[in-house]
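# Summary of structural features
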Amino acid sequence: MSQPATATTTRLRASSGTAARATELTKVYGEGETRVVALDSVTVEFGSGRFTAIMGPSGSGKSTLMHCMAGLDAISEGSARIGDTELSGLNDRQLTRLRGEKIGFVFQAFHLLPTLNAIENITLPMDIVGRKPDQEWLELIVGTVGLSGRLRHRPSQLSGGQQQRVAVARALAARPEIVFADEPTGNLDSCSGAEVLGFLRDSVRQLGRTVVMVTHDPVAASYADRVVFLADGQLIDDLPAPTPEAVLDRMRLFDAKARTS
Ligand code: ADP
Ligand code: MG
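The text that follows walks through the structure, step by step, so that each part is easy to find.

Reading the values: the criteria
Residue numbering note: each chain is counted from 1, following its sequence as written. Both sets of labels track the order of writing: A upward for chains, 1 upward for ligands. Per-residue local features of the predicted model are confined to residues with pLDDT of at least 70, and side-chain atom pairs are confined, for both listing and counting, to 80 or more; whole-chain, interface and lining totals are unaffected and use all residues. Excluding hydrogens and water, the side-chain values take into account all heavy atoms of the structure. Numbering of helices and strands starts at the N terminus; helices are DSSP runs of H or I of at least 4 residues and strands are runs of E of at least 2. The cut-offs for exposure are 20% and 50% of the maximum accessible area for each residue type, with area from a 1.4 Å probe on protein chains only; residues under the lower value are buried, those over the upper are exposed, and the others partly exposed. Distance and chemistry together define a polar contact, namely a pair of N or O atoms within 3.5 Å, with one atom able to donate a hydrogen and the other to accept it when in protein, and with adjacent residues in sequence counting only for side-chain atoms on both sides. Note on contacts: a residue pair is in contact if any heavy atoms of the two residues lie within 4.5 Å. Note on aromatic contacts: the rings of Phe and Tyr and the six-membered ring of Trp form a pair at centre separations within 6.5 Å, being stacked when their planes are under 30 degrees apart, edge-to-face when over 60 apart, and tilted otherwise. The cutoff for a nearby residue is simple: one of its non-hydrogen atoms must lie within 4 Å of the molecule or strand. Shrake-Rupley sampling with a 1.4 Å probe provides the accessible areas, and residues are treated as covered by the protein chains on show and by no other component. One bridge is not enough; two strands pair if DSSP finds at least two bridges between them. In this analysis an axis means a line fitted to C-alpha atoms, helices contributing only their contacting stretch, and an angle means the value between N-to-C directions, from 0 to 180 degrees.

When you line up the elements, Arg165 lands in helix α6 (residues 160-173). Here Arg165 falls in the buried class, since its relative accessible area comes to 10%. A polar side-chain atom of Arg165 sits 3.4 Å from the main-chain carbonyl oxygen of Gly146. With residues up to four places along the chain from it excluded, the contact list for Arg165 reads Val145, Gly146, Leu147, Glu195, Val196 and Phe199.

Below you can see the structure in the form of structure tokens.
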């Protein structure tokens, strides 16, 4: 599925550096007896043009980290940046605009509109705000997503894997700085999951995008360039060039440590 860089992809990949950064990010929910420290001073950078996976036990703060970095949830302390923009300095209107222009989000449930066909779903967020999709870019996404011939199908006429690929294409349509995907293969069988993971990887390798994905699955994580591990709201490890075996080894190590502590 991976192809060598072409002139186009080299140009698309020209931006380098950090797409998003959290610095000593702390997120506290509730107060008194219901107080939960969901993130405890997390510092992490997501490099531009890279595919990063986030792993960790249920409740370790993975979704919270994505929501805080995407400006969907207010942070308690520390800082979160998308590109050069500090999120805590923005009001609601500015945050909405930033999310529309610089951030794509993919959820476990596909959240497609049933009455619209695939291509209409892909361009919907831009249609809503009256932005014209860049036609050349749209064609690149559509070419990469591998749904040609099905773009006029409605969600009910598509498999789960195809629907989630539409959702990923929609997240990419506005050419965002970064795409956050929260367990995008959580509702899919392994075959459909592989289609979605392949597309996410191609969007990074061929289209120069930046993707951060939460997953529980070591095989899914191995599609990424790097895996970061969270436990109890803290970043506990960072694994480059992950293989399924290496990811599984780390998970076993953390489980063993958690049992003995
Ligand atoms: P993960 O995605 O790794 O499963 P979450 O980020 O969803 O973990 O949750 C981290 C912690 O924060 C958990 O203890 C969870 O119960 C708590 N939490 C998450 N969202 C909220 C919320 N809206 N209100 C209160 N507590 C929350
Ligand atoms: Mg979660």
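Counted under the stated rule, the structure contains 3 aromatic pairs. Seen from their ring centres, Phe105 and Phe180 are 6.1 Å apart, and the 35 degrees between their planes marks the pair as tilted. Here the residue Phe105 occupies a position in strand β6 (residues 103-106), and Phe180 occupies one in strand β7 (residues 178-182), the gap between them amounting to 75 residues. Each member of the pair, Phe105 as well as Phe180, carries the same accessibility label: buried. With 5.2 Å between their ring centres and 65 degrees between their planes, Phe229 and Phe254 make a pair best called edge-to-face.

What follows deals with the site of ligand 1. The environment of ligand 1 is made up of Tyr29, Val36, Ala38, Pro57, Ser58, Gly59, Ser60, Gly61, Lys62, Ser63 and Thr64. Gly59 is positioned with one of its backbone polar atoms (N or O) 2.7 Å from an oxygen atom of ligand 1. The contact in question runs from an oxygen atom of ligand 1 to an N or O atom on the backbone of Ser60, over 3.2 Å. Contact with the protein chains removes 59% of the 560 Å² of surface that ligand 1 exposes when unbound. Among the elements that take part in the shell around ligand 1, helix α2 (residues 62-69) stands out by supplying 3 residues, more than any other.

One open sheet holds the 4 strands; their spatial order is β2-β1-β4-β5, and the pairing between them is antiparallel. Only two strands of the sheet have a single neighbouring strand rather than two, namely β2 (36-47) and β5 (85-86). Relative to strand β4 (residues 77-82), strand β1 (residues 18-29) runs antiparallel, the two sharing 5 bridges. Within the sheet, the bridge partner assigned to Thr23 lies in β4 and is Ser79. In the packing of α2 onto the sheet, contacts are made with β1, β2 and β4, and the angle to β1 comes to roughly 120 degrees.

Sheet analysis places strand β9 (residues 226-231) next to strand β10 (residues 234-240), joined by 6 bridges and oriented antiparallel. Its bridge partner being in β10, Val227 is matched across the sheet by Leu239. Here β9 folds back onto β10, and the loop between the two strands holds 2 residues, one of which, Asp232, carries a positive phi near 50 degrees.

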